[in-house]
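# Reading the structure
The residues making up each chain are set out below.
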Amino acid sequence: MASVAKCLGIMAASSFVGASGASYYFQSKLNKKAVQDAQAIAKNGKIPIGGRTPDGKMWDGAISVEDFQKNLNKQTKIAALIKGVGAAIFTTLISGLALLLKAKIK
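In short, a report on the structure. (Residues numbered from 1 in each chain as written. Predicted model: local features only at pLDDT ≥ 70, side-chain atom pairs only at ≥ 80, totals over all residues. Heavy atoms only, no water.)

## With respect to the overall build of the protein chain
The number of helices and strands found in the protein chain is two helices and two strands. In sequence order, the secondary structure elements of the protein chain are arranged as α-β-β-α. Radius of gyration (C-alpha) of the protein chain: 22 Å, far over the 13 Å computed for a compact globule of 106 residues. If one aligns the C-alpha atoms of the protein chain with their principal axes, the spans along those axes are about 70 × 30 × 20 Å. Total accessible area computed for the protein chain in this model is approximately 8,000 Å², and 67% of it derives from carbon and sulfur atoms. Charged side chains of the protein chain number 15 positive and 5 negative; the gap between the two group centres comes to 20 Å. (Helix = DSSP H or I, 4+ residues; strand = E, 2+ residues; numbered from the N terminus. Rg over C-alpha atoms; globule rule 2.2 N^0.38 Å. Areas by Shrake-Rupley, 256 points an atom, 1.4 Å probe, with all protein chains shown as cover. Lys, Arg positive; Asp, Glu negative; His and termini not counted. Charge placed at Lys NZ, Arg CZ, Asp CG, Glu CD.)

## Describing the nonpolar core
Among the nonpolar cores identified, the biggest contains six residues, and these are Val-35, Ala-38, Ile-47, Ile-63, Val-65 and Leu-72. Among the secondary structure elements, those contributing two or more residues to this core are helix H1 (2-41) and helix H2 (65-105). In this structure, Val-65 is in contact with Val-35, Ala-38, Gln-39, Ala-42, Gly-45 and Ile-47, ignoring residues within four places of it in sequence. (Core = buried A, V, L, I, M, F, W, Y, C linked by side-chain atoms within 4.5 Å. Buried < 20%, exposed > 50% of the residue type's maximum accessible area, 1.4 Å probe, protein only. Contact = heavy atoms within 4.5 Å.)

## A look at the environment of Val-65
Structurally, Val-65 is set in helix H2. For Val-65, a relative accessible area of 8% corresponds to the buried category. In sequence terms Val-65 and Val-35 are 30 residues apart; their C-alpha atoms lie 7.2 Å from each other.

## Re the pattern of salt bridges
This model, assessed by the stated rule, comprises one salt bridge. The salt bridge involving Asp-37 is made with Lys-33; its shortest N-O contact spans 3.1 Å. Of this pair, Asp-37 and Lys-33 both sit in helix H1, four residues apart, which is roughly one turn of that helix. (Salt bridge = Lys/Arg side-chain N within 4 Å of Asp/Glu carboxyl O.)

This is how it looks when you write it as structure tokens:
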């Protein structure tokens, strides 16, 4: 039983590291492009933004390029963590089923 738990742990850990690392790597490349585009759009170091308030009124605002980049990095880290956890759970389930089927066949 210990070897099964060890196998599932190794599979989960490697899947978590691989999925979260790949997700972070590819998303960080897209973030660099988004920051470059934001810098091209920025006026006086601010990116114009706007939208609607909950009561329906329009508002105009601005965000600095540095804050935009910080927000992107934070979202990238959270997304990579979530994808890593999901991949680890999925891989553990598949590995467990494979080990269970192997034990049933013998």
